[in-house]
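Each chain, letter by letter, is given below.
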Amino acid sequence: MTINLYVTDHHGLVAEALVARVRDAILTKPDAVIGLATGRTPMLAYQLLGQEARAGLDLTRARFVMLDEYLGLDPSSPDSYANVLRENFIRPLGLDDEQMLTLRTDAADVVAEAAEYEQSLNALGGVDLQILGVGRNGHIGFNEPGSPFDSCTRRVRLADMTRLDNAPTLVYETAVPEHAITQGIATILRARRIAVVATGASKATAIARCLTGEVSSDLPISALHRHPQCELIIDRAASNDPDFSGPIMRRTSAHAPVSARG
Ligand code: GLP
């Protein structure tokens with residue numbers, strides 16, 4: 001398998017490209033199921049989608065599902081990913097909270113919550129387009145390095161680097177939770193299409209390893225080489241590519257060697 005690579009000059013063009021993928025998904029299938037990532041990278045695209053919605057893009061029949069969520073926060077915390085997505089996506093787009101399938105921050109039985117989430121995704125008919133970001137350590141969702149490629153939705157411990165990187169995003173909590181619940185890598189790979197966005201030099205190492213290194217559970221994003229319809233949308237800084245000729249370059253990545261691991 002290969003990952004389709006789309007390199008643009010800057011974050012704004014990454015956001016526009018992501019908006020185009022969401023628009024296509026909705027125009028093709030008005031009741032599409034879209035998987036929403038959190039993190040800073042997709043937020044501009046979510047703002048632009050608000051403009052599209054106000055200009056007539058009808059998202060009222062679409063369904064949205066969460067990728068991951070912190071564990072241990074009060075459900076009312078503005079830092080829960082469900083609330084971040086309500087504030088930055090659902091409400092500005094004029095959508096109904098009921099359109100988004102959420103993961104609970106306060107599940108008493110996380111194993112049961114995870115199993116129920118998998119069932120709910122199946123009941124929706126699966127995800128048509130999953131939006132992903134990537135961590136500096138190559139995580140997708142909250143699947144940290146070492147996550148098995150056959151993992152499903154489950155409780156995970158966050159890597160120190162992830163907690164460090166996410167600390168500045170908090171608006172209310174004083175510390176990033178130690179644990180989270182995340183769609184597993186196998187769950188993510190079941191989506192029919194995947195669009196990954198990455199911007200900035202801090203992501204360049206993970207991106208370069210993904211495009212040129214081995215497919216290994218040491219680098220969770222490398223699992224996406226096993227998906228038939230995955231696109232990596234990045235800016236110049238994240239590409240670290242001396243051949244980049246801007247403003248937009250499209251190419252298909254070289255096959256990464258498949259390792260036995262993962
Ligand atoms: C968090 C999320 C990931 C996201 C990552 C990147 O860890 N759980 O899903 O991809 O952040 O975040 P950012 O876009 O802020 O760099």
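Every chain is numbered on its own, with residues counted from 1 as its sequence reads. Only residues with pLDDT of at least 70 are given local features in this predicted model, and only at 80 or more are side-chain atom pairs given and counted; all residues enter the totals for whole chains, interfaces and linings. Heavy atoms throughout the structure, all of them, feed into the side-chain values; hydrogens and water do not.

1. Details of the site of the ligand
For step 1, the next point in the chain: Nearness is defined per residue: one heavy atom within 4 Å of the molecule or strand is enough. Taken together, 14 residues sit near the ligand, with Arg40, Thr41, Asp68, His139 and Lys203 positioned nearest.
For step 2, the next point in the chain: Any N or O atom pair separated by 3.5 Å or less is treated as a polar contact, with the protein-specific requirement of one donor-capable and one acceptor-capable atom, and with residues adjacent in sequence counted only for side-chain atom pairs. Measuring from an oxygen atom of the ligand, one finds a backbone N or O atom of Val134 at 3.3 Å.
For step 3, the next point in the chain: Take His139: an N or O atom from its side chain is 3.0 Å from an oxygen atom of the ligand.
For step 4, the next point in the chain: Each cavity reported here is a set of points on a 1 Å grid over the protein atoms alone in which a 1.4 Å probe fits but cannot get out, each pocket an open set with protein on both sides within 12 Å along at least five of seven lines, and each lining residue one with an atom within 4 Å of a point. Each molecule is checked against the cavity or pocket grid, and it sits inside if more than half of its atoms lie within 2 Å of the grid points. Put simply, the ligand lies in the largest pocket.

2. Regarding the packing of helix H2 (residues 43-54) against helix H3 (residues 81-90)
For step 1, the next point in the chain: Packing of H2 against H3 leaves a shortest axis separation of 9 Å and a crossing angle of 45°. Here H2 is positioned oblique relative to H3, judged by the angle of their axes. In this structure, H2 uses Met43, Tyr46 and Leu49 to contact H3, whose residues at the interface are Val84, Leu85, Asn88 and Phe89.
For step 2, the next point in the chain: Ten residues, namely Ala, Val, Leu, Ile, Met, Phe, Trp, Tyr, Cys and Pro, are considered nonpolar, four, namely Asp, Glu, Lys and Arg, are considered charged, and the remaining ones, Gly among them, are considered polar. For the contact of H2 with H3, the residue count by class is six nonpolar, one polar and no charged. Between N-to-C directions, angles cover 0 to 180 degrees, with each direction set by a line fitted to C-alpha atoms, over the stretch in contact for helices. Only DSSP runs of H or I covering at least 4 residues are called helices, and only runs of E covering at least 2 are called strands; the numbering of each starts at the N terminus. For this classification, under 35 degrees means roughly parallel, over 145 means roughly antiparallel, 65 to 115 means roughly perpendicular, and everything else is oblique. Any two residues whose heavy atoms approach within 4.5 Å are treated as being in contact.

3. Focus: the layout of surface pockets
For step 1, the next point in the chain: Grid points are joined across faces, edges and corners, and a volume is the space filled by probe spheres set on the points. Of the volumes computed, that of the largest pocket is approximately 660 Å³.
For step 2, the next point in the chain: Every residue lining the largest pocket is counted, 34 residues in all, and those nearest its centre are Thr38, Gly39, Arg40, Asn166 and Thr169.
For step 3, the next point in the chain: Residue assignment for the lining of the largest pocket shows that the elements contributing at least two residues are strand E4 (68-70), H3 and helix H5 (160-166).
For step 4, the next point in the chain: With four residues, H5 is the largest single contributor of residues to the lining of the largest pocket.
For step 5, the next point in the chain: Split into classes, the residues belonging to the lining of the largest pocket amount to 13 nonpolar, 15 polar and six charged.
For step 6, the next point in the chain: Of the voids in this model, the second largest pocket is the one considered here, and its volume is about 300 Å³.
For step 7, the next point in the chain: Every residue lining the second largest pocket is counted, 16 residues in all, and those nearest its centre are Arg21, Ala25, Asp128, Leu129 and Arg193.

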